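Residue strings, one per chain:
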Amino acid sequence: MSDLLERVLSRTGFVDAGRGDMPGLRRHAVGNPHLEAAFSPRAGLQADAVYETDDGAKLIVKETGAGEAGEMHERAWNLGLAPLLWIVTPYEVRVYDAFRGVGTEEDRGPVATYRTDVKAEMAALDEFCGRFSLDTGTFWASDLAKSIHRAGKVDQVLLQEIQSLEQHLVEVSVAQPGGMGMAAARGACQELVTATLFASYVTDRGDIATPFDGSHRLGDVGLAELFRSRSSALALFDWLHETFNGDVFPQGMGESLRDEHLPLLEDFARGTSLRKRDAGQMRLFRFRFDTVPIELISAVYEAFARRAASDMARELGLHYTPVELVHMALDPVFEDLDGTARILDPTCGSGLFLVQSLRRLAWKCCGDGPRPRSVVRNILYQQVHGIDIQRAALRIAAFSLYLAALELETTADPGESIRFEPLIGRTLHEMDFLSAAACDLARGLGVDAVVGNPPWTHAAKGGDEGRTRKARAKDDDGGSGRSPDHRFLLAAVDVVGRGGRIAMYLKATPFMSRMWSARLFLERLLNGLDRVALINMSPLRMSGLFSEAKAPGLFLCANCGNLPPSDRILVGTFPWTDDFERSGALALSSADIAEAGKADVIANPSYLKASSLGTPRDIALIERFEHELVPLGSFLSEAGVVSGQGFQVKGEARDKPKAVPEAILDLPSVKPEDYAPLSLEGRPKPSLRQRGHLELLHARSRDLYRAPLVVFPKSAHRLALHPGRTSAALSGEDLAFSHGFYGFSFAEADPRLPAIVCALLNSAMPSYQFLLGAGPIGMERPNVLLQDLRALRIPRFVPTDALAEKAGRALASARYDGCEAVDALVADLYSLRGDERALVRDAVARGRSTLLGTALARLQDVEPPERLQIIDYAAAACRTVNAVLRISGRQHLVAEVAPGSKLGDDRLDRFATVRFRTEPGHAPADVVSAMPDTEAGRLLHDLRHHLLRSPTPYLRERRSVRIYDGAQVTMVKPAQRRYWTVAAGLQDGDAILADHAPGRA
């Protein structure tokens, strides 16, 4: 490695003069087998360095001549490993987008170039994509990075190409005289695609190819030439069958081959794009199958097969699992796992989890040494097992495993056959894992770990077996209710036992539900496993986490790695980041996880959600609400209130619309477009007759529409006075409301109640409970269901004239005072303390993106905080600490907020800073001040020392750091609104107190 390269790495923070390579900089594959392809001569790239953070590889560095830059760019794109490639030439550093595989001719070039002998340009390189920028994620916010997107990665482009190839092949098959039906054509053409992919890999590898007839050698002739005639193509297919086996390449698989298919297969093999080009976009590189990682080929083929069978995939609840999620699931499973362990994926699909398990087991057995074919094949035939209900999926799994084994094998004994033994019927089983036979089989295998991403809806095979299993699921589903993936999970627990390792992706909402079946499931699960982690992934559900799947996901990990003891569970939430959709990088930091008592989670339906999304103070408050307060529905029912959903005009119900009863036909009516918060007085309210609704699917009872009324829109968060709040309105006249509302009729109740209830529903309290309490709101949908509303916890109170008048005044001023009076009224009603009031009111801002579920709300979360917000944060932290310090009266905590302009001069403008320090005496009324310019300058100097050159892991977490220096502590966090809330201030105040607890240094 040259002195020039070392200087470049040093100037950009990857190498420190005193400490050498910084954590994350990899120079070779020894000890890093997952980076083998990047450093391997066979893959053609032979990188000089790779830099990776906790959420994946970010940069490939290659020193070479300028003339080889294009080929290295092509290799790096085929590798699909990192978004950036640095080509270091004798005179400059060229930065390439290693994700972009489609574009114009200009996109082949670097996104930026920096001369190595110009100090300012090297500083600019460091600014754009040096270690600090990659660690903190500031790289993704730069202008140069805005065009870098994972949609252009090799796996995505390859998926598009094989989809186009399959589509064209099917069109030919169906169009032929006496042609196939669509289903048969798809099956036959998928066989052709599979064979072509496998042959492409064999061709590019070169060392695997052998003569398949007397006059041809695959590596010499070239794959494209073999598709020039039907006879040579058929000879190729026969060779694949004879050389490997019939699991993937059955005898006679080329019988469906037509002469019209050959040009399509030839174009694909030659690298000619078959996809439709948009606005001059072209494929920039050809596929190099000796470089493309096998797991990407497997992942691509799984996505292809799922989409090709989209109807069945939807019926079975199948969804493509990105490779990054496969790695994340297997990392803890394989920590300290023995190399002889047996792995099972009970819904293996194309074998993504099995391929990675095979690789990891081979690495464990062979380390950094040679990997003999006999060792790899023994693992393949004995230790990696899959079950799936579809035979076609098992054939794809076998295909993927064959490719992975060929890639892993580095040596073979003389005369050792390359031919594979059949996997289907040996390690891959066509069964329903929920059947008794499959569970018996799995138990008999002696499985050490169960991994996978089971379908979230399930359709068993037909016949008696299917009817029996469906009946069993209905009668005894272990509490898993309508979530079949949870039945798969319980079956996995049954297979591996209390101490067995499990890593699965599941639907999140049943874990957070109040339904008795969901509570029964969670209790059975937690009691059936020893150590458990439950990580909520719902914030990423609209950002392409599981491709087309929009349901919220949850990652369960059991008995893996460094999990808490059996009476505790690890909980957390993957935060939404504005670069995830482009980068695909998942980062979970210590700030995103916490521990919760297993018994508490079982006993309290809100405990898990509060622990995943909130702070310890939130958990305590939500738990108090659950234990001490009553459901709104029960309270109002006892008071004589009638509640329900409004009339429905049409729908998918089997019932036919009926004539509207005369009793409600001429009532004023309201739909969502007529709604206004607080009061419906003065709003347009044409009757059902005037609207032309003479028939309704559901008219509802006339009693539901009797005044006085409080109406609550289902999309309460979207129709509220302020984003993040819920909404309700009073009506003093009888009123028919549509099914977009839930209504409460107080005709037979105390007339003072409506104003109080309306004030409560417009306060911050419902948002706080919906955000952190049990239920799917914020996890899966923004709409509020009637059962969610009825489950809202409220105190038992006696309505009085004074209370009703106060509620009326608060509602009248809500449009002008930011709902302060409404919030104060409700806080008094709940007997909240000062910091509890702040915590609840803060839920409007911190829950906005979760409850609204819009892209705009998510972006607002990551906008820079206003100075006033940081002051409120600092004041909350000081209040927390000073509440303890005032007991002695000897000292108090004050805060200084660094001027934003001072932090805007360099890379630190991505962070905001507050310094806390103690002063003697009692705390004054105002404990927050602006930091003097001279102090801010000194602080920036210290931050550069701590942040720009520190190897500590908090940088890679993109979260906060507390820097202690005697009697002061400096808080540094990303300059994003979500990190500077009042709730964060209260939590950081608690952390400062904990750090300075008696007896702690």
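These numbers were taken from a predicted model, which means no experiment stands behind them.

1. Description of the overall build of the protein chain
Phase 1 of the analysis: For the protein chain, the count of helices and strands is 40 helices and 37 strands.
Phase 2 of the analysis: Burial analysis of the protein chain (1001 residues in total) assigns 59% to the buried set.
Phase 3 of the analysis: Long-range pairs, those at least 24 residues apart, make up 75% of the contacts in the protein chain with a sequence separation of at least 6.

2. Let's talk about unusual backbone geometry
Phase 1 of the analysis: Going from Ala 707 to Pro 708, the amide bond is cis rather than trans, its omega being -5°.
Phase 2 of the analysis: Unlike most non-glycine residues, Ser 831 shows phi in positive territory, near 55°.
Phase 3 of the analysis: Position of Ser 831 among the secondary structure elements: in the loop between helix H33 (820-829) and helix H34 (834-846).
Phase 4 of the analysis: You can call Ser 831 exposed: its relative accessible area is 56%.

3. Some words on the environment of Asp 835
Phase 1 of the analysis: Assignment of secondary structure puts Asp 835 in helix H34.
Phase 2 of the analysis: Put simply, Asp 835 and Val 982 are 147 residues apart on the chain and 9.2 Å apart in space, counted from C-alpha to C-alpha.
Phase 3 of the analysis: With near-sequence residues (within four places) excluded, Asp 835 lies in contact with Arg 617, Arg 879, Thr 880 and Leu 986.
Phase 4 of the analysis: Polar contacts involving the side chain of Asp 835 include one to the side chain of Arg 879, which spans 3.4 Å.

4. Here's the deal with the side chain of Ser 745
Phase 1 of the analysis: Tracing the backbone through its elements, the reader meets Ser 745 in strand E31 (residues 741-745).
Phase 2 of the analysis: Within the structure, the side chain of Ser 745 is placed 2.8 Å from the backbone oxygen of Arg 706, a separation counted as a polar contact.
Phase 3 of the analysis: Discounting residues that sit within four places of it in the chain, Ser 745 has contacts with Gly 640, Val 641, Val 642, Asp 703, Leu 704, Arg 706, Pro 708 and Leu 709.

5. What about the packing of aromatic side chains?
Phase 1 of the analysis: A complete count under the given rule lists 21 aromatic pairs for this structure.
Phase 2 of the analysis: For the ring pair Tyr 402 and Phe 420, a centre distance of 4.3 Å and an interplane angle of 15° mean the geometry is stacked. On the criterion of sequence distance, the pair formed by Tyr 402 in helix H17 (residues 391-408) and Phe 420 in the loop between H17 and strand E15 (428-430) is long-range, its members being 18 residues apart. The exposure classification of Tyr 402 matches that of Phe 420, with both residues buried.

6. Remarks on empty space enclosed by the protein
Phase 1 of the analysis: Going through the model one piece at a time under the given rule, you end up with 6 cavities of 30 Å³ or more.
Phase 2 of the analysis: Reported here for the second largest cavity is a volume of approximately 130 Å³.
Phase 3 of the analysis: As for the second largest cavity, its lining consists of 17 residues, and the residues nearest its centre are Arg 514, Gln 769, Gly 773, Ala 774 and Ala 791.
Phase 4 of the analysis: Taken together, the elements giving at least two residues each to the lining of the second largest cavity come down to helix H25 (616-628) and helix H30 (765-772).
Phase 5 of the analysis: If you tally residues by element for the lining of the second largest cavity, the top one is H25, at 3 residues.
Phase 6 of the analysis: Its residues assigned to classes, the lining of the second largest cavity comprises 8 nonpolar, 4 polar and 5 charged.

7. Focus: the sheet that holds strand E3 (residues 25-26)
Phase 1 of the analysis: Read from one edge to the other, the open sheet built from 6 strands follows the order E3-E4-E5-E6-E7-E9, with strand pairing classed as mixed. Two strands in the sheet have a free side with no partner beyond their single neighbour: E3 and strand E9 (112-115).
Phase 2 of the analysis: Of the strands in this sheet, strand E6 (84-88), strand E7 (92-97) and E9 are in contact with helix H4 (residues 119-129), which crosses E9 at around 140°.

8. A few points about the environment of Gln 190
Phase 1 of the analysis: Locating Gln 190 in the fold gives a position in helix H7 (residues 182-205).
Phase 2 of the analysis: Sequence separation of Gln 190 and Leu 169 is 21 residues, and the distance between their C-alpha atoms is 9.0 Å.

9. A short note on the sheet that holds E31
Phase 1 of the analysis: Reading across from one edge, E23-E31-E28-E29-E26 is the order of the 5 strands in this open sheet, with mixed pairing throughout. Pairing within the sheet leaves two strands with one partner each, and these edge strands are strand E23 (642-645) and strand E26 (678-679).

10. Some words on the pairing of strand E16 (residues 449-452)
Phase 1 of the analysis: The alternating pattern of E16 places Ala 449 and Val 451 and Val 450 and Gly 452 on opposite faces, both of which are buried.
Phase 2 of the analysis: The sheet contact formed by strand E13 (residues 343-345) and E16 spans 2 bridges and is parallel. Paired with Leu 344 across the strands is Val 450, a residue of E16.
Phase 3 of the analysis: Relative to strand E17 (residues 501-507), E16 runs parallel, the two being bridged by 4 bridges. Bridge pairing links Val 451 to Ala 503 in E17.

11. Things to note about the pairing of E6
Working note: regular strand, side chains alternate between the two faces of the sheet.
Phase 1 of the analysis: Across the 5 residues that make up E6, a large majority, 5, are buried.
Phase 2 of the analysis: On the question of chirality, the crossover connecting strand E5 (residues 56-63) to the parallel E6 by way of helix H3 (residues 69-79) is right-handed.
Phase 3 of the analysis: Hairpin connection, E6 to E7: the antiparallel pair is bridged by 3 residues.

12. Section: the packing of H34 against helix H40 (residues 982-995)
Phase 1 of the analysis: Running from amino to carboxyl end, H34 crosses H40 at an angle of 135°, the nearest separation of the two axes being 8 Å. Viewed along their axes, H34 and H40 adopt a mutual orientation that is oblique. Residues Asp 835, Ala 838, Leu 839, Asp 842 and Arg 846 of H34 lie in contact with H40, whose contacting residues are Val 982, Ala 983 and Leu 986.

13. Looking at helix H29 (residues 753-762)
Phase 1 of the analysis: Of all 10 residues that make up H29, 10 are buried, and the element is covered over most of its length.
Phase 2 of the analysis: Listed in full, the buried residues belonging to H29 are Leu 753, Pro 754, Ala 755, Ile 756, Val 757, Cys 758, Ala 759, Leu 760, Leu 761 and Asn 762.

14. Observations regarding H17
Phase 1 of the analysis: With 18 residues, H17 extends 26 Å between its outermost C-alpha atoms, agreeing within 8% with the 26 Å of an ideal straight helix rising 1.5 Å per residue.
Phase 2 of the analysis: Here H17 lies mainly inside the structure; 15 of its 18 residues are buried.

15. Remarks on the pattern of salt bridges
Phase 1 of the analysis: For the coordinates displayed, the defined rule picks out 60 salt bridges.
Phase 2 of the analysis: A single salt-bridge network, built from bridges that share partners, covers Glu 225, Arg 228, Glu 266 and Arg 270.

16. What about the confidence of the model for the protein chain?
Phase 1 of the analysis: Taken as a whole, the protein chain shows an average pLDDT of 86; of its residues, 89% reach a score of 70 or greater.
Phase 2 of the analysis: Within the protein chain, the lowest mean pLDDT, 38, falls on helix H39 (residues 954-957), and the highest, 98, falls on E13.
Phase 3 of the analysis: The low-confidence segment residues 458-480, where pLDDT is below 50, has 41 contacts with residues more than four positions distant or belonging to other chains.
Phase 4 of the analysis: Throughout residues 901-908 the model reports pLDDT below 50, and contacts reaching past four residues in sequence, or to other chains, amount to 23 contacts.

17. Description of the nonpolar core
Phase 1 of the analysis: Among the nonpolar cores identified, the biggest contains 112 residues, and Phe 198 and Phe 244 are the most heavily contacted of them.
Phase 2 of the analysis: With 11 residues, H17 is the single largest residue contributor to this core.
Phase 3 of the analysis: Other than its neighbours up to four places away in sequence, Phe 198 contacts Leu 240, Phe 244, Phe 249, Phe 399, Tyr 402, Leu 403 and Leu 406.
Phase 4 of the analysis: By size, the runner-up hydrophobic cluster in this structure holds 104 residues, among which are Leu 506, Leu 761, Leu 786 and Ala 876.

Calculation notes
- Residues numbered from 1 in each chain as written.
- Predicted model: local features only at pLDDT ≥ 70, side-chain atom pairs only at ≥ 80, totals over all residues.
- Heavy atoms only, no water.
- Helix = DSSP H or I, 4+ residues; strand = E, 2+ residues; numbered from the N terminus.
- Buried < 20%, exposed > 50% of the residue type's maximum accessible area, 1.4 Å probe, protein only.
- Contact = heavy atoms within 4.5 Å.
- Polar contact = N/O pair within 3.5 Å; in protein donor to acceptor, adjacent residues only side chain to side chain.
- Phe/Tyr/Trp six-rings, centres within 6.5 Å; stacked < 30°, edge-to-face > 60°.
- 1 Å grid on protein atoms, 1.4 Å probe; cavity = no way out; pocket = protein on both sides within 12 Å on 5 of 7 lines; lining within 4 Å.
- Points joined across faces, edges and corners; volume = space filled by probe spheres on them.
- Nonpolar A, V, L, I, M, F, W, Y, C, P; charged D, E, K, R; others polar.
- Pairing = 2+ DSSP bridges.
- Axes fitted to C-alpha atoms, helices over the stretch in contact; angles between N-to-C directions.
- Right-handed = clockwise from strand over helix to strand, strands pointing away.
- Parallel < 35°, antiparallel > 145°, perpendicular 65-115°, else oblique.
- Expected span 1.5 Å × (residues − 1).
- Salt bridge = Lys/Arg side-chain N within 4 Å of Asp/Glu carboxyl O.
- pLDDT = per-residue confidence, 0-100.
- Core = buried A, V, L, I, M, F, W, Y, C linked by side-chain atoms within 4.5 Å.

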